[in-house]
Amino acid sequence: MTGFAYSIDGGKAEAIPIRAAVEAKARLVWVHLETNDAVAQRWLRDSAHLADYVIDALTAAETRPRCEAVGEGAFLNLRGRSSAPLDGSDMLASVRIWAMKGRVYSVTRRPLLAVDTVRKEVEGGTIADPGDLITAFATAITNDLDPDVASLGDELDSCEEQLDEHRVFQLRRTVSRVRVAAIGYRRFLNPQRAALEKLAALPGDWLADDDRLHLSAAADRAARMAEELESIRERAALVHETLTDMRAEQIDNRALVISIVAMVFLPLTFITGLYGMNVKNLPYAEEPWAFDAILGACALIAAGIVIYFVRKHWFRR
């Protein structure tokens, strides 16, 4: 079982062994587990004496952002960026938090970037109670996600500026990647906003007024990012349609060139095929000027067809 624990009292944080955290007496004891395996579940049940439904919520394999008030505590699930590569269908790692007055238990399955940020704040003495710790998690996650969401918008802006038929394939790959990322992030940000708003409104003296204000601010930022991601998704769809139209126009232009070439050579092929037959009594077959005459006729026919297409503006894009 991997993880760490801190005993926080009087603005000072002391790292303690996880097994000693249960008996620690301090204003705040934070236990963070980096796995949800059977060993972690057994410790949460037998040593931390948490209820079964809390253990199930902390160690569930599949989660989504949510907040539930249970007794004198609350369970919170948040999603943030991970330092490890994740599946394309699940682009954000989760942190599951059980908080009550004086104690916070958090569990992650994959490395969460926000954990290191919160840990530094704890060691720096800026965390004093469970409300501060949860607020630090919400703020760290939104601060980390905000530049990433902004970079998706910048990439899409760049694609819109570079719209060109010669870059169709390259731009389509970029737009598709941005669209997939926007959909993956938005899938979690909307329920995360609702979870933070619900937590900020929960009754309880373990959440101070300033904690509620910070949670509301984090929820507002999550809502703004969700709106930005929705805009990115819609814009990406429009850019993708534009690129598809450009590609279709390229195919049409190439098909037009092929059709013109075929129309030019179709009558010429007929004439040369006719006079190429190995039969007797072909008109003028024995005349010495016949080859030059047929060649000239083919040239005139080809020129006439090209002139016709030019006048009909078939060569105009």
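Our subject is the structure that appears above.
In this text, all values refer to a predicted model and were calculated from it rather than measured experimentally.

J.: How do you make sense of the overall build of the protein chain when you look at a structure like this?
T.: Summing up its helical and strand segments, the protein chain has seven helices and seven strands in all. Reading the protein chain from its N terminus to its C terminus gives the helix and strand order β-β-β-α-α-β-β-β-β-α-α-α-α-α. For the protein chain, whose C-alpha radius of gyration is 35 Å, the value lies well above the compact-globule estimate of 20 Å for 317 residues. By its C-alpha atoms, the protein chain is 115 × 35 × 30 Å across when sized along the principal axes.

J.: Would you mind going over the environment of Ser151 with me for this structure?
T.: Within the fold, Ser151 resides in helix α4 (residues 130-161). For the pair Ser151 and Val178, spaced 27 residues apart in sequence, the C-alpha separation works out to 9.5 Å.

J.: Would you explain a negative patch on the surface in this entry?
T.: A surface patch of negative charge is lined by Glu241, Asp245, Glu249 and Asp252. Tracing the chain through its elements places Glu249 in helix α6 (residues 209-275).

J.: Can you walk me through the sheet that holds strand β5 (residues 73-80) in this structure?
T.: What the seven strands build is an open sheet, ordered β2-β1-β3-β7-β6-β5-β4; its pairing is mixed. In this open sheet, the two edge strands, each paired with only one partner strand, are β2 (12-16) and β4 (66-70). If you compare each strand with its neighbour and ignore which way they point, the axes differ by 15 degrees on average. Here strand β6 (residues 93-100) runs beside strand β7 (residues 103-108); their pairing, made up of six bridges, is antiparallel.

J.: Sorry, what's going on with the packing of α6 against helix α7 (residues 290-311) here?
T.: How two helices sit against one another is set out by the angle between their axes and by the gap between those axes. Where α6 meets α7, the axes come as close as 9 Å, and the angle between the chain directions of the two elements is 160 degrees. On the basis of the axis angle, α6 is roughly antiparallel to α7. Where α6 crosses over α7, the handedness of that crossing is right-handed. Across the interface between the two elements, Ile260, Met263, Val264, Pro267, Leu268, Ile271, Thr272 and Tyr275 of α6 pack against Ile294, Cys298, Ile301, Ala302, Ile305, Val306 and Phe309 of α7. Considering only residue class, the contact of α6 with α7 consists of 14 nonpolar, one polar and no charged.

J.: What is the right way to read the packing of aromatic side chains from this model?
T.: Taken as a whole and judged by the stated rule, the model has six aromatic pairs. Measuring from centroid to centroid gives 6.2 Å for Tyr6 and Trp30, while their planes differ by 20 degrees, and the two rings are stacked. A residue pair is termed long-range when its members are at least 10 positions apart, and Tyr6 in strand β1 (residues 3-9) and Trp30 in strand β3 (residues 28-33) qualify at 24 residues. A single burial state applies to Tyr6 and to Trp30, both of which are buried. In textbook terms, an aromatic cluster arises when at least three aromatic residues are bridged by ring pairs, as seen for Phe4, Tyr6, Trp30 and Phe137. When the ring centre of Phe4 is taken as reference, the NZ or CZ atom of Arg119 above it lies at 3.9 Å.

J.: So what exactly am I meant to see when it comes to the pairing of β5 here?
T.: When a strand is regular, its side chains alternate between the sheet's two faces. With eight of eight residues buried, β5 is to be regarded as a mostly interior element. Along β5, one buried face is formed by Gly73, Phe75, Asn77 and Arg79 and the opposite face, lined by Ala74, Leu76, Leu78 and Gly80, is buried too. As paired strands, β4 and β5 are joined by five bridges and run antiparallel to one another. Considered in β5, the bridge of Glu68 is made with Phe75. Connecting the antiparallel pair β4 and β5 is a turn made up of two residues, with Gly71 showing a positive phi of about 60 degrees. With seven bridges connecting them, β5 and β6 associate as antiparallel partners. The residue bridging Gly80 from the neighbouring strand is Ala93, located in β6.

J.: Honestly, the environment of Leu282 in this entry has me stumped. Any pointers?
T.: Inspection of the secondary structure assignment puts Leu282 in the loop between α6 and α7. Residues Leu282 and Val180, spaced 102 residues apart in sequence, show a C-alpha to C-alpha distance of 68 Å.

J.: Help me out: how do you make sense of the nonpolar core in this one?
T.: Side chains of nonpolar character tend, in soluble globular proteins, to be buried together. Counting residues in hydrophobic clusters, the biggest one holds 60 residues, and the most contacted among them are Trp30, Leu133, Phe137 and Leu199. Secondary-structure elements contributing two or more residues to this core are β1, β3, β5, β6, α3 (113-123), α4, α5 (168-200) and α6. Element by element, the count of residues in this core is highest for α5, at 13 residues. When residues no more than four places from it in sequence are discounted, the contact partners of Leu133 are Leu28, Trp30, Val104, Val118, Val122 and Ile127. One finds Leu33, Val54, Ala57 and Val107 within the second-largest nonpolar core, a separate group that totals 21 residues.

J.: Honestly, unusual backbone geometry in this entry has me stumped. Any pointers?
T.: Negative phi values dominate among residues other than glycine, just as trans dominates among peptide bonds. Positive phi outside glycine occurs at His49, with the angle close to 55 degrees. Checked against the element boundaries, His49 lands in the loop between α1 (38-46) and α2 (52-59). Overall, the relative accessible area of 62% leaves His49 in the exposed class.

J.: What am I meant to see in α7 here?
T.: Residues spaced three or four apart along an α-helix point in a common direction, a consequence of the helix completing one turn every 3.6 residues. Counted at 1.5 Å a residue, the expected span for α7 with its 22 residues is 32 Å, and the 31 Å between its end C-alpha atoms agrees. Listing the buried residues of α7 in full gives Ala290, Cys298, Ala302, Ile305 and Phe309. Buried residues of α7, seen end-on, are gathered within an arc of 110 degrees and therefore sit on one face of the element. For α7, the exposed residues lying more than 90 degrees away from the buried face are Asp292, Leu300 and Arg311. Residues of α7 that are buried in the fold lie against α6. Positive phi shows up at His313, right after α7, with a value of about 60 degrees.

Analysis parameters
- Residues numbered from 1 in each chain as written.
- Predicted model: local features only at pLDDT ≥ 70, side-chain atom pairs only at ≥ 80, totals over all residues.
- Heavy atoms only, no water.
- Helix = DSSP H or I, 4+ residues; strand = E, 2+ residues; numbered from the N terminus.
- Rg over C-alpha atoms; globule rule 2.2 N^0.38 Å.
- Patch = residues over 30% accessible without salt bridge, like charges linked within 9 Å, V, L, I, M, F, W, Y side chains within 5 Å.
- Areas by Shrake-Rupley, 256 points an atom, 1.4 Å probe, with all protein chains shown as cover.
- Salt bridge = Lys/Arg side-chain N within 4 Å of Asp/Glu carboxyl O.
- Lys, Arg positive; Asp, Glu negative; His and termini not counted.
- Charge placed at Lys NZ, Arg CZ, Asp CG, Glu CD.
- Pairing = 2+ DSSP bridges.
- Axes fitted to C-alpha atoms, helices over the stretch in contact; angles between N-to-C directions.
- Parallel < 35°, antiparallel > 145°, perpendicular 65-115°, else oblique.
- Left-handed = near helix turned anticlockwise from the far one by under 90°.
- Contact = heavy atoms within 4.5 Å.
- Nonpolar A, V, L, I, M, F, W, Y, C, P; charged D, E, K, R; others polar.
- Phe/Tyr/Trp six-rings, centres within 6.5 Å; stacked < 30°, edge-to-face > 60°.
- Buried < 20%, exposed > 50% of the residue type's maximum accessible area, 1.4 Å probe, protein only.
- Lys NZ or Arg CZ within 6 Å of the ring centre and 35° of its normal.
- Core = buried A, V, L, I, M, F, W, Y, C linked by side-chain atoms within 4.5 Å.
- Expected span 1.5 Å × (residues − 1).
- Arc of directions from axis to C-beta.

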